[in-house]
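Observations on the model geometry
Single-letter residue listing:
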Amino acid sequence: MKVAIVGASGAVGQEFLRILDQRNFPLDELVLFGSERSAGRKYTFRGKEIEVKLLQHNDDFKDVDIAFTSAGAGTSREFADTITKYGAVMIDNSSAFRMDEDVPLVVPECNAEDALNRPRGIIANPNCTTIMMVVCLQPLEKLSHIKRIHVASYQSASGAGAAAMAELQQQYEEIVEGKPVTVKKFPHQLAYNVIPQIDVFQPNGYTKEEMKMFNETQKIMHTDAKCSAMCVRVSSLRSHSESVWIETERPISVEEAQRAFEAAPGVTLKDDPSSLIYPMPLETAGLDDVFVGRVRKDLSDENGLTFWLSGDQIRKGAALNAVQIGEYLIRVGNVK
């Protein structure tokens, strides 16, 4: 089994290295690719030093079985044919192909089988906020069909990459030292602030990030449920959180929902408000599961339920989900 990581030097690329090692992913050879800026860097994996190769249009992917790509939508579009030319499965973390009809959009806890039908050799990894939400919605969908979803996200700096995380830390240092605050990765200062915008605004007044949640949820869950989202950047460093309200065809009790969450793969219930126990990004960072708490009835809707979730955007929201797709393909014998 030969595996490649494209975008190895980025935040998600580095997480790929850690997760592949931690989960003992069954590979015999690992190759790393990057841009001109990162080519030549060396990283240690399972005791072996691996040098990042320059991503080029050549035959470097001839013997690759699975390629995990996280180098941006433009790079994914440009190099997709090169990566898949000889049969490699491209599991892509960018937004490039998510809504293409001939590219499956997969969260293993929800629709793993969709990964088996990939005419172009590409499987898309969904948006981070969508991944974490649908992992929690799937067990509730099994209880009663979800008709409507409202969600407000509280997204950490990590969602904008390693440079954005560094900028947030830098901003706090500059504020303490009385220096001008550096603002490059966000539309406004993020330190001591929240920004009600993630990605660019669309003609309907929603941002691209919010529309991803609408469209991707329907594709992953094969549902007609409509999702109205408000995505907000907050000044936590890592791990995203979401407040979710759903309307189902029949009422779901709090106890039913809690039991479903407890039994669901990839979900950990952490819900004891009387003891001030609920998920928080400070505690969920670096962990694999999506953590759920504050489960309660929606006071405005007899068929409504609301809950809070928190999970690591770089792990389950990106690298871990992609690796789990790869694990599934190997398990069912569906790699070249």
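Calculation criteria
Residues numbered from 1 in each chain as written. Predicted model: local features only at pLDDT ≥ 70, side-chain atom pairs only at ≥ 80, totals over all residues. Heavy atoms only, no water. Buried < 20%, exposed > 50% of the residue type's maximum accessible area, 1.4 Å probe, protein only. Helix = DSSP H or I, 4+ residues; strand = E, 2+ residues; numbered from the N terminus. Pairing = 2+ DSSP bridges. Right-handed = clockwise from strand over helix to strand, strands pointing away. Axes fitted to C-alpha atoms, helices over the stretch in contact; angles between N-to-C directions. Parallel < 35°, antiparallel > 145°, perpendicular 65-115°, else oblique. Contact = heavy atoms within 4.5 Å. Nonpolar A, V, L, I, M, F, W, Y, C, P; charged D, E, K, R; others polar.

**So, the pairing of strand β1 (residues 2-6)**
- Counting buried positions over the five residues of β1 gives five, a clear majority of the element.
- Alternating positions in β1 separate into two faces, Lys2, Ala4 and Val6 on one and Val3 and Ile5 on the other, with burial throughout.
- Relative to strand β2 (residues 29-34), β1 runs parallel, the two sharing five bridges. Each bridged residue has a counterpart across the sheet, and for Val3 the counterpart in β2 is Leu30.
- Once the chain exits β1 it traverses helix α1 (residues 11-22) before rejoining the sheet at β2, and the crossover so formed is right-handed.
- In the sheet, β1 pairs with strand β6 (residues 66-69) via four bridges, with the strands oriented parallel. Bridge pairing in β6 links Ala4 to Ala67.

**Comments concerning the packing of helix α4 (residues 128-141) against helix α9 (residues 315-331)**
- Contact geometry for α4 and α9: axes closest at 8 Å, N-to-C directions at 85°. Considering the angle they form, α4 stands roughly perpendicular to α9. Mapping the contact onto sequence places Cys128, Ile131 and Val135 in α4 and Lys316, Gly317, Ala318 and Asn321 in α9.
- In the contact of α4 with α9, the residues fall into four nonpolar, two polar and one charged.

**Re the sheet that holds strand β8 (residues 122-124)**
- The strand order β5-β2-β1-β6-β7-β8 describes an open sheet built from six strands, whose pairing is parallel. In this open sheet, the two edge strands, each paired with only one partner strand, are β5 (53-54) and β8.
- Here α1 sits on the sheet and contacts β1, β2 and β6; the angle it forms with β1, its principal contact strand, is near 150°.

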